[in-house]
Amino acid sequence: MAKERVPALEGWFTMDEQAPALLGSRCTLCGTYSFPGETHFCANPRCVGTEFESVELSRRGRVWSYTDARYQPPPPYVPAEPYVPFAIAAVELAAEKMVVMGQVVPGVSVEELSVGVEVELVLDTLYEDDDHEYLVWKWRPVVAHKATGGR
Amino acid sequence: MPDDTRVAVLGAGMHPWGKWGRNFVEYGLVAARDALADAGVLWEDIGFVSGADTIRNGYPGFIAGATFAQALGWTGARVSSCYAACASGAAAIANARAQILAGLCDVALVVGADTTPKGFFAPVGGERKDDPDWLRFHLLGATNPAYFALYARRRMDRFGATDEDFAQVKVKNARHGFSNPNARYRREVTVEEVLASPMVADPLRLLEICATSDGGAALVLSSLEFARRHGAADPLVTVSAVSTVTPRFPNTVIEMPNFSTDSAAGVTGEFDTAGFRPSIARAAYDEAGIGPEDLDLAEVYDLSAALELDWYEDIGLCGEGEAEKLLRDGATTLGGRVPVNPSGGLSCFGEAIPAQAIAQVCECTWQLRGQAPGRQVEGARVAVTANQGLFGHGSSVLLTR
């Protein structure tokens, strides 16, 4: 039987597997976005806003910078066995005027990334147990790179 | 502000950095006694103990000021303990300085020490889904070097920094720290050796990323009046400014341990896109009325070799995108215009979090006194330290003689 696919963390992204989006907030007074979403105070020091609407952030952005994790990160990261290195990207979202971190989908190495490359949000497995696959958001280059990207 | 915001550095002391595996209190105690002896001040004469906390050593680490006071023997001295991540040492210095400048005490002891686990820094234990530091490891596997690497890659893309430039920073610092008795790593390396070391977080290699270390550092600070009465050694080194600034909104540069930057979508008009780091030393310069052109040396937080290049620009040694040229010209090497990290920096020390910003000030003190054999910046009169603690803690101390 297929494992149940659940978010690794509730409330941070939608579970629409075809077109997932990060869930942030937008201050109803000044328009400042936050990710993760804000409920109590606006980050803008010139704003006294206290009401925030939950919003889906742009699904596409451009790479601000990138790296990878050649060595297995320590807990609470739950690594695959055996460990497989992965890339990480910080991605600039134009409408929100902010940069959001994420892992890059498996199979895309740093050689296939560069600053400014367009990426889009997908959901992918972060780790599994006997009954569940725990999903997280990852960035995937929009244009397929070499044979491995854009699965 | 008082007319004269200077306080005297009467004494500086350290326990050598290493991976000793002993209780952090021991390192702090050795450093404190060393600083007291250097100052010629008795422990009983200390009016205020300012501890920099460690969060990986249980309760005694959270109340480090009292822990060190008890270890030295209770005297009734007033106490504070503070945590500001990597900037904890500077925050402890700022607390002591404020007490002195307010006239609440004449002479204060500042101590920070740490015992660190092996390998990557990990968040403290438990399942804490409301803590971004816990979550970035859990959801992203984003270690500290991953964040350093984002900055390094960005430098390569924007300014044409090369792998060789980063390696050259390591080569320089290894040479600087070679004869420093408090440094953990005292071995010269070549560019080839650095480039042959394993890639950890592309483009950063093992020898370009600072280790985690055990160590302790301490300072005895006093009012200028106390220093005069005490007959302090000549030349007298003073702390002329301390910056403990926070970022300004919107900070559009990604900062450890965050998932995102501030959003600038709600900002009308111009805003600074350079991020937090350039504001840190600037606040110290402004406070002292001294500029980067006056510097003889700097101790900056080289968590990675590439980050040292960012600091050159952030502390005003050169303009944006000019750090590689400064390095290649030898300006930041001993004998150059403004040597950076003559101590060997984190590259040779590794990081002992609450001790590190204090250690930077110890090094500057010894440099300004002419007591740094093998790594002395000749005739140094003005020095600055710069450092940044996660969750928005700036740290910069300006020293003069």
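The present account deals with the structure reproduced in this document. (Residues numbered from 1 in each chain as written. Chains lettered and ligands numbered in written order. Predicted model: local features only at pLDDT ≥ 70, side-chain atom pairs only at ≥ 80, totals over all residues. Heavy atoms only, no water.)

With respect to the overall build of chain B
Logical step 1: A count of helical and extended segments in chain B gives 14 helices and 11 strands.
Logical step 2: In terms of C-alpha radius of gyration, chain B reaches 20 Å, essentially the compact-globule figure of 21 Å for 401 residues.
Logical step 3: When contacts within chain B are restricted to residue pairs at least 6 apart in sequence, long-range pairs at least 24 apart make up 75% of them.
Logical step 4: Per element, the accessible surface of chain B, about 14,100 Å² overall, is 50% carbon and sulfur.
Logical step 5: Considering chain B, the positive charge centre built from 34 side chains and the negative charge centre built from 48 side chains are found 3 Å apart. (Helix = DSSP H or I, 4+ residues; strand = E, 2+ residues; numbered from the N terminus. Rg over C-alpha atoms; globule rule 2.2 N^0.38 Å. Contact = heavy atoms within 4.5 Å. Areas by Shrake-Rupley, 256 points an atom, 1.4 Å probe, with all protein chains shown as cover. Lys, Arg positive; Asp, Glu negative; His and termini not counted. Charge placed at Lys NZ, Arg CZ, Asp CG, Glu CD.)

Let's talk about the interface of chain B and chain A
By a widely used convention, the size of an interface equals the accessible area lost when the partners come together.
Logical step 1: The interface of chain B with chain A comprises 40 residues on the first partner and 44 residues on the second.
Logical step 2: Counting the surface lost from both chain B and chain A, the interface buries some 3,600 Å², and carbon and sulfur atoms represent 66% of this.
Logical step 3: For the chain B face of the interface with chain A, the top three residues by lost area are B:Leu139, B:Leu140 and B:Phe249, together amounting to 18%.
Logical step 4: Along the contact surface separating chain B from chain A lie 1 salt bridge.
Logical step 5: Where B:Asp202 meets A:Arg70, a salt bridge forms, and the shortest distance between an N and an O atom there is 3.6 Å.
Logical step 6: For the pair chain B and chain A, the interface holds 14 residue pairs in polar contact (both at pLDDT 80 or more).
Logical step 7: Going through the elements one at a time, α5 (132-140), α6 (144-159) and β5 (199-201) of chain B are the ones with two or more residues in the side of chain B that touches chain A.
Logical step 8: Top contributing element to the side of chain B that touches chain A by residue count: α6(B), with 8 residues. (Buried area = accessible area lost by both parts, 1.4 Å probe. Salt bridge = Lys/Arg side-chain N within 4 Å of Asp/Glu carboxyl O. Polar contact = N/O pair within 3.5 Å; in protein donor to acceptor, adjacent residues only side chain to side chain.)

Regarding the nonpolar core
Logical step 1: Formed by 104 residues in total, the largest nonpolar core has its most connected members in A:Trp137, A:Trp139, B:Leu139 and B:Ile315.
Logical step 2: Per element, the largest residue contribution to this core is 8 residues, and it comes from α6(B).
Logical step 3: Counting 43 residues, the second-largest nonpolar core is a separate cluster that includes B:Ala84, B:Ala92, B:Cys105 and B:Ala359. (Core = buried A, V, L, I, M, F, W, Y, C linked by side-chain atoms within 4.5 Å. Buried < 20%, exposed > 50% of the residue type's maximum accessible area, 1.4 Å probe, protein only.)

Examining the pattern of salt bridges
Pairing is possible between side chains that carry opposite charge, provided their charged atoms lie close to one another.
Logical step 1: Under the defined criterion, the tally for this structure stands at 33 salt bridges over all chains.
Logical step 2: The residue A:Arg5 makes a salt bridge to A:Glu133 at a minimum N-O spacing of 2.8 Å. In this pair, A:Arg5 sits in strand β1 (residues 4-7) while A:Glu133 sits in strand β9 (residues 132-141), placing the two residues 128 residues apart along the sequence.
Logical step 3: Notably, a salt bridge pairs B:Arg155 with B:Glu324, separated by 2.7 Å at the nearest N-O pair. Residue B:Arg155 is located in helix α6, and its partner B:Glu324 is located in helix α12 (residues 323-328); the two are separated by 169 residues in the primary sequence.
Logical step 4: Judged by its relative accessible area of 2%, B:Arg155 falls in the buried class.
Logical step 5: Counted as one network, the salt bridges with shared partners bring together B:Arg155, B:Arg277, B:Asp310, B:Glu313, B:Asp314 and B:Glu324.

So, the side chain of B:Thr238
Residue and element names in this part refer to chain B.
Logical step 1: By the secondary structure assignment, Thr238 is in strand β8 (residues 237-243).
Logical step 2: For Thr238, a relative accessible area of 4% translates into the label buried.
Logical step 3: Not counting residues within four places of it along the chain, the set of residues in contact with Thr238 comprises Arg6, Val7, Ala8, Val9, Leu224, Leu398, Leu399 and Thr400.

This is a description of form; function is not addressed.
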